[in-house]
Amino acid sequence: RASGIPYGIDRRLDTVLGSVKRGYTLTEAIIASFLLIAAILVVSRLFHASMQYSVWVENKAVATHLAEERMSELRLWATTQTAWAGPPVSNKPGFPAFTFDVRVEPHQLASPNTQLETGFPGNQRLLGPSLRKAIVEVRWGGTGGNSVKLVSILKDPPRGWRPASPVVITGT
């Protein structure tokens, strides 16, 4: 023989080790196909979930940007107000899927510090009428959808206050 193993020894090895397999059995092929199908289903489900999350992240980024824009509009609006009536509440024209909820509420802070002043209920120094709490909430996705909420404190516009005897510093 060409392999160098005598004929009788080669034949005995075949009976001890069994014959060499030349392919897969039907059972192995069915199991392999089920495993492959399961892997494809898992990958497709993960892809679908990642696409949904990507859309959610994009909507949240747009809503945050819109809320920040509306808050800056409120800050600009607050510089011209004396009665705190009628904050800008309309939706943005280019974003019909997003709805705005804008509220301006009275808010009291104590001077110099709210936590310190609340310990002395009869002698508090409050900054009540000069501040408002602005709440901007942007919603998307229907009734059970998501939202972004920003909260800020708006101040009264300056009133032209001047000290009785101003200090003037001159020099070089």
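In this text, all values refer to a predicted model and were calculated from it rather than measured experimentally.

A few words now on the overall build of the protein. Helix and strand content of the protein: 3 helices and 3 strands. Across the protein, helices and strands are ordered from the amino to the carboxyl terminus as α-α-β-α-β-β. Within the protein, the proportion of its 172 residues that are buried is 18%. If you take every contact in the protein between residues at least 6 apart in sequence, the share linking residues at least 24 apart comes to 54%. Approximately 13,400 Å² of the protein is accessible, and the part contributed by carbon and sulfur atoms is 62%.

A few words now on the nonpolar core. Among the nonpolar cores identified, the biggest contains 17 residues, and Ala63, Leu74, Phe98, Val136, Val138 and Leu154 are the most heavily contacted of them. Elements represented by at least two residues in this core include exactly helix H2 (26–78), strand S1 (98–106), strand S2 (131–140) and strand S3 (146–155). Of the residues forming this core, the biggest block, 7 residues, is contributed by H2. Residues contacting Phe98, with those up to four places away along its chain left out, are Asn59, Val62, Ala63, Leu66, Asn91, Val138, Arg139 and Trp140.

Attention now goes to the sheet that holds S2. If you trace the 3 strands from one edge of the open sheet to the other, you get S1-S2-S3, paired in antiparallel fashion. Looking at which strands have only one partner, the edges of the open sheet turn out to be S1 and S3. Ignoring which end each strand starts from, the neighbouring axes of this sheet average 15° apart. With 9 bridges connecting them, S1 and S2 associate as antiparallel partners. Looking at the pairing, Asp101 lines up with Glu137 of S2. On top of the sheet, H2 reaches S1, S2 and S3; it is set at about 20° to S3, its chief contact.

A word on the packing of aromatic side chains. According to the stated counting rule, one finds 3 aromatic pairs in the structure shown. An angle of 70° between the planes, with centres 6.3 Å apart, marks the rings of Phe95 and Phe98 as edge-to-face. Feature note: the residues Phe95, Phe98 and Trp140 constitute an aromatic cluster, connected by ring pairs.

What follows deals with the pattern of salt bridges. Enumeration over the complete set of coordinates arrives at 6 salt bridges. Glu73 is paired through a salt bridge with Arg70; the nearest N and O atoms lie 2.9 Å apart. Of the two residues, Glu73 and Arg70 both sit in helix H2, 3 residues apart, roughly one turn of that helix. Given a relative accessible area of 30%, Glu73 falls into the partly exposed group.

Below, the discussion takes up the environment of His65. Mapped onto the fold, His65 is located in helix H2. Overall, His65 belongs to the partly exposed group, its relative accessible area being 43%. Put simply, His65 and Val148 are 83 residues apart on the chain and 9.7 Å apart in space, counted from C-alpha to C-alpha.

Reading the values: the criteria
Residues numbered from 1 in each chain as written. Predicted model: local features only at pLDDT ≥ 70, side-chain atom pairs only at ≥ 80, totals over all residues. Heavy atoms only, no water. Helix = DSSP H or I, 4+ residues; strand = E, 2+ residues; numbered from the N terminus. Buried < 20%, exposed > 50% of the residue type's maximum accessible area, 1.4 Å probe, protein only. Contact = heavy atoms within 4.5 Å. Areas by Shrake-Rupley, 256 points an atom, 1.4 Å probe, with all protein chains shown as cover. Core = buried A, V, L, I, M, F, W, Y, C linked by side-chain atoms within 4.5 Å. Pairing = 2+ DSSP bridges. Axes fitted to C-alpha atoms, helices over the stretch in contact; angles between N-to-C directions. Phe/Tyr/Trp six-rings, centres within 6.5 Å; stacked < 30°, edge-to-face > 60°. Salt bridge = Lys/Arg side-chain N within 4 Å of Asp/Glu carboxyl O.

Scope: geometric values only; no functional claims are made or implied.
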